[in-house]
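So you can see what is in the structure, the chains are spelled out below.
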Amino acid sequence: MLLEVLQGTEAGGFILLQDTVSYSGRHLLKSYISTALKREEEVVHVLGFEACEKEFRDGLDRTNAQRLHFHNAYSDPLGWTGNSAFTVHQFTLEDVSTLIKQTPQAKAVTLVIDSLSWILRHHDPAAVCQRLQALKKGGAVRTVIVLVHTDMHQRGTVGSIRHLATSVVTVAPGTRGLGAVAKTTRRTKSGKLMQDEETFSINEDLSVTIHSKLSHPGHTHVNTDETEVDPTANLTFNLRLSDTERQAKEKLALPFVFSKEKKSALLQPGPGSGRILYEPDANDDYDQEDPDDDLDI
């Protein structure tokens, strides 16, 4: 499934790449960029906070270098000198859209953030989620790929970003130094979750080789709509009715429930039906102008 996510071209996609200090996900991030640049119509914009442009371009195909736009936030991420091309405080919908509009001829734009942890440490996580959602649905960006160092943030913060993602890839070191392990969760358009766990390695040309799958054969489908718990499953008594009991219940005449025949008989006046006759008494205090004056207090 890792290769499917790597080669995915779904519009509005949001790929979250999670790593920790034990294993860096930047090489896999560059593999995503390399795959995107191989699509001729693709233009990649990188907000680089943790690596310089020379280090970031190392290993990427130079023939497609003109379609990679690196916005340097590495040299001065907080804007202390005032000469930085991009700072962490410029992560707004307006500023990012301005950067993307520098390539108006592009048919498809991929936005890469290396890493989102810098932004999360200097912005309200709720505001970051809103801006990512706006970028994902705005139309100017086809795919958003972000790298997050999960051991730098609280679980709730990472969970908010995961909620926005269409694909989540968590990388960790492999056992006995054999490659690395990728746990991939992908959400389909129908709402189903597909999960897989694979060992992989990254080649010199930044291509990915899958060595084995650690999960059961095939994909694990998690459908939240079909995993409802039956509250009557483990009861010591029976709440369900048999066919005989259901028929007896339907035939039972409940009190105060009138049938159609009884309703029609009651509504039709018959001979000898009751009437109320009232003759005013001489002592009745009745005023034609104010018939309710006797109610005044």
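- The chain goes by Elongator complex protein 5 in an unreviewed UniProt entry, where it is assigned to Esox lucius.
- What UniProt records for the chain under Sequence similarities (unreviewed entry) is the sentence "Belongs to the ELP5 family."

1. Observations concerning a nonpolar patch on the surface
Phase 1 of the analysis: On the surface, a cluster of nonpolar side chains totalling about 310 Å² of accessible area is made up of Leu235, Phe237 and Leu239.
Phase 2 of the analysis: Mapped onto the fold, Phe237 is located in the loop between strand E10 (220–222) and helix H8 (243–251).

2. Examining the pairing of strand E7 (residues 180–187)
Phase 1 of the analysis: Summarising the sheet, strand E6 (residues 167–173) and E7 pair through seven bridges and their orientation is antiparallel. In the sheet register, Val171 faces E7, and the bridge partner there is Ala182.
Phase 2 of the analysis: Here eight bridges tie E7 to strand E8 (residues 193–202), and the two strands are oriented antiparallel to one another. Bridging across to E8, Thr185 finds its partner in Gln195.
Phase 3 of the analysis: In textbook terms, the turn of a hairpin is the stretch between consecutive antiparallel strands, and for E7 and E8 this stretch comprises five residues, one of which, Gly191, has a positive phi near 100 degrees.

3. Structural notes on the packing of aromatic side chains
Phase 1 of the analysis: As enumerated under the stated definition, the model contains three aromatic pairs in all.
Phase 2 of the analysis: Judged by centre distance (6.4 Å) and plane angle (15 degrees), the rings of Phe49 and Trp118 are stacked. Note that Phe49 is positioned in the loop between strand E2 (42–48) and helix H3 (53–57) and Trp118 in helix H5 (residues 116–120), a separation of 69 residues in sequence.
Phase 3 of the analysis: Under the relative-accessibility criterion, Phe49 is labelled buried at 2%.
Phase 4 of the analysis: Ring centres of Phe56 and Phe70 lie 5.6 Å apart, and the angle between their planes is 45 degrees; on these two criteria the pair is classed as tilted. Note that Phe56 is positioned in helix H3 and Phe70 in strand E3 (residues 68–72), a separation of 14 residues in sequence.
Phase 5 of the analysis: By relative accessible area, Phe70 is classed as buried at 10%.
Phase 6 of the analysis: Grouped by ring-pair contacts, the aromatic residues Phe49, Phe86 and Trp118 constitute a single cluster.

Cut-offs used in this document
- Residues numbered from 1 in each chain as written.
- Predicted model: local features only at pLDDT ≥ 70, side-chain atom pairs only at ≥ 80, totals over all residues.
- Heavy atoms only, no water.
- UniProt positions renumbered as here; feature names shortened; annotations may be inferred.
- Patch = residues over 30% accessible without salt bridge, like charges linked within 9 Å, V, L, I, M, F, W, Y side chains within 5 Å.
- Areas by Shrake-Rupley, 256 points an atom, 1.4 Å probe, with all protein chains shown as cover.
- Salt bridge = Lys/Arg side-chain N within 4 Å of Asp/Glu carboxyl O.
- Helix = DSSP H or I, 4+ residues; strand = E, 2+ residues; numbered from the N terminus.
- Pairing = 2+ DSSP bridges.
- Phe/Tyr/Trp six-rings, centres within 6.5 Å; stacked < 30°, edge-to-face > 60°.
- Buried < 20%, exposed > 50% of the residue type's maximum accessible area, 1.4 Å probe, protein only.

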